Amino acid sequence: MKKSVFIVSSLLAIAGAASIASAAAQVRAFHGSPDAPPVDILVNDTAAFTSLSFGNATAYAALTADTYNIKVNAAGTSTTVINADLPLADNTTYTVAAINTLSNITPLVLVDDNTLNPAAARLRFVHASPNAPAVDIALAGGAVLFPNVSFGGVGSYIEVPGGTYDLEVRLAGTNTSVLSLPGIAVSNNTVYTAWAIGVVGGEPGLSAAITVDAIPAPGAVALLGMAGLVATRRKR
């Protein structure tokens, strides 16, 4: 089975750690449902994001604090697969991820800490592979960075020096590697989320996506919206 690593840059970021809109909530969506089609995201029945495909994230959008109805529809249709009310707080940043298989699709609401550190990269891990067991994320052949994360779970933010790392996904509590992630490059003063997505023993196969959540942007909002395949490796 081919194992893949995707880098997804999809964010809004301000110089330093400032919010893009004072006293506003920031919200983005991530598509992590392996067998779901591209989707549209509706906020109070108005399209906010359209044609979001598997393994990709939207930009952040600013909303005033309130409770909003969020619908996830198959793209270009009125077929709703998620219908949920989401309370949002001021000065808080959220990712709403669609996870699990289409028949059991559910929203996973994360509170993002996009604080920048000029001396380090900040990274967290989200387990969104519905049939994968609990895993450890580790340096290849080395120390565990995120221990024992089960489906729907989140490994808390860590800080590492900017650089390039060879990582691996292991069965939790063992040295058994189930996915190699070579050449993962991270930069200081940048915040990332690493996602385990796909399915074990099926298609799309188990893979990893990395979203770039925050970067410094002198004096203005920076919006990155590029997604691309940056590395592939066949597990032997």
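Quantities reported herein were computed from a predicted structural model and do not represent experimental measurements.

(A) Examining the overall build of the protein more closely. When helices and strands are counted, the protein shows zero helices and 18 strands. Across the protein, contacts joining residues at least 24 apart in sequence account for 65% of those joining residues at least 6 apart.

(B) Geometry of the sheet that holds strand β7 (residues 80-88). Across the sheet, four strands lie side by side as β4-β3-β6-β7; this open sheet has antiparallel pairing. Looking at which strands have only one partner, the edges of the open sheet turn out to be β4 (46-52) and β7. Here the average twist between neighbouring strands, direction ignored, is 20°. Of the pairings in the sheet, the one linking strand β3 (residues 39-43) to strand β6 (residues 66-74) comprises five bridges and is antiparallel in character. When the sheet's bridge partners are listed, Val39 is paired in β6 with Ala74.

(C) View of the pattern of salt bridges. Taken as a whole and assessed by the stated rule, the structure comprises six salt bridges. A salt bridge links Asp113 to Arg122; its shortest N-O distance comes to 3.3 Å. Relative accessible area serves as the criterion here: at 32%, Asp113 is assigned to the partly exposed category.

(D) Seen up close, the environment of Ala25. Looking at the secondary structure, you find Ala25 in strand β2 (residues 25-31). Taking relative accessible area as the criterion, Ala25 reaches 0% and is therefore assigned buried. For the pair Ala25 and Thr64, spaced 39 residues apart in sequence, the C-alpha separation works out to 5.9 Å.

(E) Just unusual backbone geometry, in detail. At the junction of Glu203 and Pro204, the peptide bond is cis and its omega measures out at -10° in the coordinates. A positive phi angle, near 80°, is found at Asn100, a position not held by glycine. Residue position: Asn100 is located in the loop between β8 (93-99) and β9 (106-112). We note that Asn148 has phi near 50°; this positive angle belongs to a residue other than glycine. Here Asn148 is to be found in strand β12 (residues 144-149).

(F) Representation of the nonpolar core in the model. Ranked by internal contacts, the top residues of the largest apolar core, which has 22 residues, are Phe125, Leu181 and Tyr192. Listed by contribution, the elements that provide at least two residues to this core are β10 (121-127), β11 (135-139), β12, β14 (163-171), β15 (177-186), β16 (190-197) and β17 (207-214). Element by element, the count of residues in this core is highest for β15, at four residues. Val27, Ala29, Leu52 and Ala98 belong to the second largest nonpolar core, which has 19 residues in total.

(G) Layout of the pairing of β7. Across eight bridges, β6 lies against β7 in antiparallel orientation. Across the sheet, residue Asn69 finds its bridge partner in β7, namely Asp85. Adjacent in sequence and paired antiparallel, β6 and β7 are bridged by five residues, among which Gly76 carries a positive phi angle near 75°.

(H) Quick look at the packing of aromatic side chains. As enumerated under the stated definition, the model contains two aromatic pairs in all. Summarising the aromatic geometry, the rings of Phe30 and Trp195 are spaced 3.8 Å apart at their centres and angled 10° between planes, so their arrangement reads as stacked. Note that Phe30 is positioned in strand β2 and Trp195 in strand β16, a separation of 165 residues in sequence. Comparing Phe30 with Trp195 shows no difference in burial state: the two are buried. A cation over an aromatic ring shows up here: Arg122 above the ring of Tyr157, its NZ or CZ 4.6 Å from the ring centre.

(I) Region of the structure containing empty space enclosed by the protein. Counted according to the given criterion, the structure contains three cavities of 30 Å³ or more. Here the largest cavity defines a volume of roughly 140 Å³. Taken together, 17 residues line the largest cavity, and the ones lying closest to its centre are Ile137, Leu167, Leu181, Ala194 and Ala208. Elements that contribute at least two residues to the lining of the largest cavity include exactly β10, β12, β14, β15, β16 and β17. When grouped by side-chain class, the residues that make up the lining of the largest cavity number 16 nonpolar, one polar and no charged. Here the second largest cavity defines a volume of roughly 100 Å³.

Reading guide: rules and limits
- Residues numbered from 1 in each chain as written.
- Predicted model: local features only at pLDDT ≥ 70, side-chain atom pairs only at ≥ 80, totals over all residues.
- Heavy atoms only, no water.
- Helix = DSSP H or I, 4+ residues; strand = E, 2+ residues; numbered from the N terminus.
- Contact = heavy atoms within 4.5 Å.
- Pairing = 2+ DSSP bridges.
- Axes fitted to C-alpha atoms, helices over the stretch in contact; angles between N-to-C directions.
- Salt bridge = Lys/Arg side-chain N within 4 Å of Asp/Glu carboxyl O.
- Buried < 20%, exposed > 50% of the residue type's maximum accessible area, 1.4 Å probe, protein only.
- Core = buried A, V, L, I, M, F, W, Y, C linked by side-chain atoms within 4.5 Å.
- Phe/Tyr/Trp six-rings, centres within 6.5 Å; stacked < 30°, edge-to-face > 60°.
- Lys NZ or Arg CZ within 6 Å of the ring centre and 35° of its normal.
- 1 Å grid on protein atoms, 1.4 Å probe; cavity = no way out; pocket = protein on both sides within 12 Å on 5 of 7 lines; lining within 4 Å.
- Points joined across faces, edges and corners; volume = space filled by probe spheres on them.
- Nonpolar A, V, L, I, M, F, W, Y, C, P; charged D, E, K, R; others polar.

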